[in-house]
Amino acid sequence: MRLVLLGGTGAGKGTQATLLCERFGLLSIATGSVLREAIEARTELGQQVSAYVDRGELAPDDIMIALMKEQITRPEASGGWLMDGYPRTAFQAEELWILLDRLKQPLDYAIWLEVPTETLVQRALERARADDRPEAIERRINVFQERTLPILEFYSYRKRLLRIDGMQSPEQVHQQIAEKVEP
Ligand code: AMP
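Anyway, here's the lowdown on the structure attached to this text. (Residues numbered from 1 in each chain as written. Predicted model: local features only at pLDDT ≥ 70, side-chain atom pairs only at ≥ 80, totals over all residues. Heavy atoms only, no water.)

### Structural notes on the packing of helix α4 (residues 61–72) against helix α5 (residues 90–102)
For step 1, the next point in the chain: α5 packs onto α4 with a crossing angle of 35° between their chain directions and a minimal axis gap of 11 Å. When the axes of α4 and α5 are compared, the crossing they make is right-handed. On α5, the residues touching Asp 61, Met 64, Ile 65, Lys 69 and Ile 72 of α4 are Phe 91, Gln 92, Glu 95, Leu 96, Leu 99 and Leu 100.
For step 2, the next point in the chain: Split by residue class, the contact of α4 with α5 holds seven nonpolar, one polar and three charged. (Axes fitted to C-alpha atoms, helices over the stretch in contact; angles between N-to-C directions. Helix = DSSP H or I, 4+ residues; strand = E, 2+ residues; numbered from the N terminus. Left-handed = near helix turned anticlockwise from the far one by under 90°. Contact = heavy atoms within 4.5 Å. Nonpolar A, V, L, I, M, F, W, Y, C, P; charged D, E, K, R; others polar.)

### Things to note about the packing of aromatic side chains
For step 1, the next point in the chain: Summed over all chains, the structure comprises three aromatic pairs.
For step 2, the next point in the chain: Consider the rings of Trp 97 and Phe 154, whose centres lie 5.8 Å apart with planes at 80°: the pair is edge-to-face. Of the two residues, Trp 97 sits in helix α5 while Phe 154 sits in helix α8 (residues 149–157), which places them 57 residues apart along the sequence.
For step 3, the next point in the chain: Relative accessible area serves as the criterion here: at 27%, Trp 97 is assigned to the partly exposed category.
For step 4, the next point in the chain: Ring geometry for Trp 97 versus Tyr 155: centroids 6.4 Å apart, planes at 55°, classification tilted. With Trp 97 in helix α5 and Tyr 155 in helix α8, this residue pair connects regions lying 58 residues apart in the sequence. (Phe/Tyr/Trp six-rings, centres within 6.5 Å; stacked < 30°, edge-to-face > 60°. Buried < 20%, exposed > 50% of the residue type's maximum accessible area, 1.4 Å probe, protein only.)

### Quick look at the side chain of Thr 31
For step 1, the next point in the chain: In this structure, Thr 31 sits in helix α2 (residues 31–40).
For step 2, the next point in the chain: At a separation of 3.2 Å, a polar atom in the side chain of Thr 31 contacts the main-chain carbonyl oxygen of Gly 85.
For step 3, the next point in the chain: Ignoring anything within four residues of it in the chain, the contact list for Thr 31 reads Met 64, Met 68, Asp 84, Gly 85, Tyr 86 and Arg 88. (Polar contact = N/O pair within 3.5 Å; in protein donor to acceptor, adjacent residues only side chain to side chain.)

Listed below in structure tokens is the structure:
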């Protein structure tokens, strides 16, 4: 099973990613964590992206698609995977679509965790992290609204979009997703 999780920072993607990966034996690919680990370890990737992550800006697309390709072709990804944090723009969605087509790994679902903006801001403020300065939070949510919403159209048009009400309890959200994606 190959899944993409969509939703703003604070929509509950992390929690749902963990539950879904456990249930279906998927490799979790969380771009934010991969990038932050790379920054901490001062790898080449980390140095390339640290300024973007600090400002809450999106890292360059060519870096991101190369990173995604590397992740989904890992042996651990052969039983399926779940992306949390990619794609962030319609362009990234298209790049991924082309890559998956080439790798003959079609996407099963793009799962949209629908949560109101006020709730996203509130949840983000409650999650204190090194790069979670209020300006960075606001910037991230703006970036999300400007650039991520067209992704929904992209997947909706291709009949892959699964809309889920993210305001339910984490268990309820998980149950709803699992029922719909269960093979
Ligand atoms: P996150 O933890 O998912 O909110 O990601 C933290 C930061 O990593 C973002 O603010 C971006 O700077 C960067 N990032 C994560 N995913 C992507 C992506 N798909 N494209 C570009 N930048 C990303």
